[in-house]
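These are the residues of each chain, in order.
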Amino acid sequence: MVRGWLFAVTVVAFALLLVSCTKHPEVDNFKQVQLHWNAADDAAESSEHKDRCVIEITSLVMRDPMVLKSKLVEISYEVVYSLEENGAIAFVGRCSDSRFSDLPECTWQATCSGGSAPVVKFDNER
């Protein structure tokens, strides 16, 4: 009798363990975002601030409310960047899929330099 009770408790404990392992907390507002970086020329590609700017802009785009509130589950951007006369790098991002080009989260601009943090501005004027 004790063996049967112990077996039942073990089965229930194992079942609870399996159930708890399969439940994962939902991640609110998660979007799969891909950015494909394309330098306009060699000067932009070899800019000393490019790597830092790319990392910072990626972070800003991925957590921007415009992206998080988007109805798109996945957003892929083609980003073209060029070096400006003052040494700053100008970035323009557009959704890779042209079917979504009219969505405000599908077009953005940013400027990044050595002296200041970049700001990403989405095209909200549609």
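The structure this text deals with has already been given above.
All of the points below concern the structure found in this document. From a predicted model like this one, the values you see are computed outputs, not experimental measurements.

What counts as what
- Every residue gets a number counted from 1 within its own chain, in the order that chain's sequence is written.
- Only residues with pLDDT of 70 or above have their local features reported here, since the model is predicted, and side-chain atom pairs are shown and tallied only from 80 upward, although totals for entire chains, interfaces and linings are computed over all residues.
- Each side-chain value is worked out from all heavy atoms of the structure, with water and hydrogens disregarded.
- Throughout this description, the term salt bridge denotes a Lys or Arg side-chain nitrogen within 4 Å of a carboxyl oxygen of Asp or Glu.
- Only protein chains enter the accessibility calculation, which uses a 1.4 Å probe; a residue whose area is less than 20% of its type maximum is buried, one above 50% is exposed, and one in between is partly exposed.
- Following DSSP output, two strands are said to pair if at least two bridges run between them.
- Only runs of H or I of at least four residues qualify as helices and only runs of E of at least two qualify as strands under DSSP, and these elements are numbered from the N terminus.
- Each axis is a line fitted through C-alpha atoms, and for a helix only the stretch in contact is used; angles between axes span 0 to 180 degrees, taken between their N-to-C directions.
- Contacts are residue-level and defined by heavy atoms, with any inter-residue pair within 4.5 Å sufficient.
- Any Phe, Tyr or Trp ring, taking Trp's six-membered ring, that has another such ring centre within 6.5 Å forms a pair; planes under 30 degrees apart are called stacked, those over 60 apart edge-to-face, and the others tilted.
- The set of buried Ala, Val, Leu, Ile, Met, Phe, Trp, Tyr and Cys residues whose side-chain atoms join them within 4.5 Å is what this entry labels a nonpolar core.

## Comments concerning the pattern of salt bridges
Here is step 1: All chains considered together, the criterion is met by four salt bridges.
Here is step 2: Here lysine 50 and glutamate 45 are joined by a salt bridge, their closest N and O atoms 3.0 Å apart.
Here is step 3: By relative accessible area, which is 14% here, lysine 50 ends up buried.
Here is step 4: Residue classification places glutamate 45 among the partly exposed residues on the basis of a relative accessible area of 38%.

## Considerations on the sheet that holds strand S3 (residues 89-95)
Here is step 1: The five strands are arranged S1-S2-S3-S4-S5 in an open sheet whose pairing can be described as mixed. Among the strands making up the open sheet, the edge pair consists of strand S1 (32-39) and strand S5 (119-122). Across the sheet, the axes of successive neighbouring strands diverge by a mean angle of 20 degrees, strand direction being ignored.
Here is step 2: Judged from the six bridges that link them, S3 and strand S4 (residues 107-112) form a sheet pairing that is antiparallel. Residue arginine 94 lies in a different strand from S4, and its bridge partner there is threonine 107.
Here is step 3: On the sheet, helix H3 (residues 50-63) packs against S1, strand S2 (74-83), S3, S4 and S5 and is oriented at approximately 150 degrees with respect to S1.

## Things to note about the packing of aromatic side chains
Here is step 1: Inspection of every chain in the model, using the stated rule, returns three aromatic pairs.
Here is step 2: Three or more aromatic residues link up through ring pairs in this structure, and these residues are Trp37, Tyr81 and Phe91.

## Regarding the nonpolar core
Here is step 1: Ile57, Val61, Tyr77, Phe91 and Trp108 are the most contacted members of the largest nonpolar core, which has 22 residues in total.
Here is step 2: Secondary-structure elements contributing two or more residues to this core are S1, H3, S2, S3, S4 and S5.
Here is step 3: Not counting residues up to four positions away in its chain, the partners in contact with isoleucine 57 are Trp37, Phe91, Trp108, Ala110, Cys112, Pro118 and Val120.

## Some words on the pairing of S5
Here is step 1: Along S5, the buried face is formed by Val120 and Phe122; none of Val119 and Lys121, which line the opposite face, is buried.
Here is step 2: Two elements, S4 and S5, share four bridges in a ladder whose sense is antiparallel. Paired with glutamine 109 across the strands is lysine 121, a residue of S5.
Here is step 3: Linking two consecutive strands that pair antiparallel, namely S4 and S5, is a turn of six residues.

## A short note on the pairing of S3
Each regular strand carries side chains that alternate between the two faces of the sheet.
Here is step 1: Burial analysis of S3 places five of its seven residues in the buried class, the great majority of the element.
Here is step 2: The pairing of S2 with S3 spans seven bridges and is classified as antiparallel. For valine 79, the partnering residue across the bridge sits in S3 and is glycine 93.
Here is step 3: Once S2 ends, the chain turns through five residues before running back antiparallel as S3, passing glycine 87 with a positive phi of about 95 degrees.

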